[in-house]
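The residues making up each chain are set out below.
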Amino acid sequence: MIGTVTGAFTHRVLPYAGVDEYLDGAIPFVREGIAAGDRVVCVSTVGREELLRDELGAAAGEVEFVDAAAWYGHPSRTLADCLSDADASAGEGRRLRLLGEPVWAFRSPLEVLEWQRAEAILNVAFRDTGASLLCPYAASLPPGVVAAARKTHPETVRGDRASANPGFVDPWAFSAQCDDEPLPSPPDGTFALRIERPDLYWLRAYVADQVRHTALSGEDLQRLLVAVTEVVTNALRHGEPPIALRVWTRVDAGERSLVCEVTDAGSWRDGSGYGLIPPRPDRRTAAQGRFGLWAVRLLCSLVQIRTGEAGTTVRMWLRLPGRDGA
Amino acid sequence: MGFPNPGGGVGWTGPAPTPDGHSMDAPWFAKRPVSDVRPGDHGWLAYAGAEERDRVIGTFVREGLRHNEKVVYVTDAPADGLPGLDRPLDGHRIDVGAYTRIGQLRVISRADACLDRRGAFEPAMLADTLGRELGGAFAEGFRAVRLTTDHSWALSGPGRADLAQMLGCEHRVGDTVAPSTMAMAICQVDRRTCSGAELLALRDTHEVLIEVDPEFDDGVLRIVRTFEPHGLRLEGELDGARHTVLAERLAAVNRAGRRVHLDVARLRFIDLGGLNLLAQHALALPADEALVLDHLAPDVENVIEMVGWRRLPGLVRGAGAAGGTEDLGR
């Protein structure tokens, strides 16, 4: 399935303070890729791109520049797209070499957590691709963000030297740590709809009715219905009653979201993957139908999962249009 | 006061076109499964092949026999070879002779039903024939009369009737059937024997389009066989409660070993398991064939694009977007 790429997969963090440290790490990485015939992609802001182009000179023509805001749109989507790129390159016998530029500003704490989780999980997802990923982290970022980067990248780069990162944490352990905090309770008085019948037609009608007044677009409603149907179907098949659905809206720093929660009394087995690894588009995947929970993540703005002896909770978030309820 | 709507589209609120894969279908026709045909229906069946014809007309004939209705079949074919008569009805072999003797099954030759003495097509005759059968039916103890005939012969081959004559004939039949509380008629034509314009003109003399009975209909999901293109039409919502029934029907149409089309214009919802089910059946087709999704509703297509067509190998997007969903705001 994977083509022949000689290099091993690498995922390195480039901590930097100021432009010089950034270029000292980034430029050798890019040049080395060009020299090796890699497919070199630089994800960057406009200002960064100019900086890199100036530094690379004519060699910049060998590099694909991608806008960071567009690239880092949704953790599951970005991971899947990048993995597809890596597989496609590997299929051509080329290594994908990607200089990232994770976007941290304007993200809510919950979103930041999901991006950090993606940084960890990609160590598993990309293991066989031979891709080489370098993620610059500015020293000016919040301390928590930089600290997490040390846990999610196996190696650290200083200039043109990479060294093993002693703080690196096993990706699944890191992902579990992301879920250490219990979920806050739903707002007081949120109605819990008990789901007892396996026919989910009525459930979708109920959800559609619940969100009627929320300005959720038709497209988003469809996504929500697909996501809820999938999660409830899972609960009915593998979970334990009682199964309940709760729907509420939430405002966070002026941003409105719709939250849809499915709970059941069962707990998931270890190693269930939680839909974090993008399924590869091949016939085997299709035959086994293994994209359920992964697709749920894609369909929602954000998904939170807690599972254990106390039961399982899956919370699906959809961002609502406008701010402050506009 | 104020100006008229510059677009002129003030009050057009007619139903959206029926998106059943036949672009020539227009909104003012009722479309009915053959078992729902009722008195006053002057129905139209433009069939794509013998299988479609036999399934529709066979049902039409059998339901007439089952429900004490008179069945009038205008044809030169022998009675025991007619659609629907070759299989047992409610567990009993159909005794064509017995039904004929009591007058419940009337097989009338073309010469007697619609040709003049010189053997030429006579537009007025078919309606007269129907009128005659209708007149006696009540006294004979039948609660309704079902008439069917295949016009293909008149529209093809030597001595072809011209279109104006056929239209005249159809108008008269329609005028006889429509006000009746006892008469039902299905006019059949083999699509392949006429031009598109002829089909349209003929169809327009009918009020009801007749199709096969649905394979499945539980009020949430409806599955209907389609014959041209070969496949199924899905309407409503598909989820885990209905995967098994769809899998069975897909396996049946897959057996033909050729390209399968799913008309999903009126499929409002499909769950991830449903998409996966479609992909699995697509993989069961011969390597160079595909499972084609025609007329995808935008919201449903959006979900597929999220998952990625690449992850659903063998599934192919077919003919254009849905034209019939209510929320298109056209």
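Calculation criteria
Residues numbered from 1 in each chain as written. Chains lettered and ligands numbered in written order. Predicted model: local features only at pLDDT ≥ 70, side-chain atom pairs only at ≥ 80, totals over all residues. Heavy atoms only, no water. Contact = heavy atoms within 4.5 Å. Buried area = accessible area lost by both parts, 1.4 Å probe. Salt bridge = Lys/Arg side-chain N within 4 Å of Asp/Glu carboxyl O. Polar contact = N/O pair within 3.5 Å; in protein donor to acceptor, adjacent residues only side chain to side chain. Helix = DSSP H or I, 4+ residues; strand = E, 2+ residues; numbered from the N terminus. Nonpolar A, V, L, I, M, F, W, Y, C, P; charged D, E, K, R; others polar. Phe/Tyr/Trp six-rings, centres within 6.5 Å; stacked < 30°, edge-to-face > 60°. Buried < 20%, exposed > 50% of the residue type's maximum accessible area, 1.4 Å probe, protein only. Lys NZ or Arg CZ within 6 Å of the ring centre and 35° of its normal. Domains from an automatic or database assignment.

Glancing now at the interface of chain A and chain B. Contact residues are listed per partner, giving 32 residues for chain A and 28 residues for chain B. Between chain A and chain B the total buried area reaches about 2,600 Å² when both faces are included, carbon and sulfur atoms providing 58% of it. At the boundary of chain A with chain B, the tally comes to three salt bridges. With a closest N to O distance of 2.8 Å, A:R204 and B:D239 form a salt bridge. Joining chain A to chain B, the criterion identifies eight residue pairs in polar contact (both at pLDDT 80 or more). Looking at the side of chain A that touches chain B, the elements that each hand over two or more residues are α4 (75-91), α8 (201-210), α9 (218-238), α10 (283-288) and α11 (292-299) of chain A. A total of nine residues in the side of chain A that touches chain B trace back to one element, the largest contributor, which is α9(A). Class assignment for the residues of the side of chain A that touches chain B results in 16 nonpolar, seven polar and nine charged.

Enumeration according to the criterion identifies seven aromatic pairs over all chains in this entry. Ring centres of B:F121 and B:W153 lie 6.4 Å apart, and the angle between their planes is 65°; on these two criteria the pair is classed as edge-to-face. Separated by 32 residues along the polypeptide, B:F121 in the loop between α3 (110-114) and α4 (125-137) and B:W153 in helix α5 (residues 152-155) bring together distant segments of the chain. Classification of B:F121 as buried rests on a relative accessible area of 10%. Judged by relative accessible area, which is 24%, B:W153 ranks as partly exposed. Note that A:R48 overlies the ring of A:Y22, its terminal NZ or CZ placed 4.1 Å from the centroid. Of note, B:R53 hangs over the ring of B:Y47, and the distance from its end group to the ring centre comes to 5.6 Å.

Residues and elements named next belong to chain A. Annotation of chain A at the domain level lists domain 1 (10-178) and domain 2 (193-323). On a C-alpha basis, the centres of domain 1 and domain 2 stand 30 Å from each other. Contacts between the two partners involve 18 residues from domain 1, matched on the other side by 16 residues from domain 2. Roughly 1,500 Å² of surface becomes buried between domain 1 and domain 2 when both sides are summed, with 63% attributable to carbon and sulfur atoms. Broken down residue by residue, the surface that domain 1 buries against domain 2 is led by H74, L110 and W172, which jointly contribute 29%.

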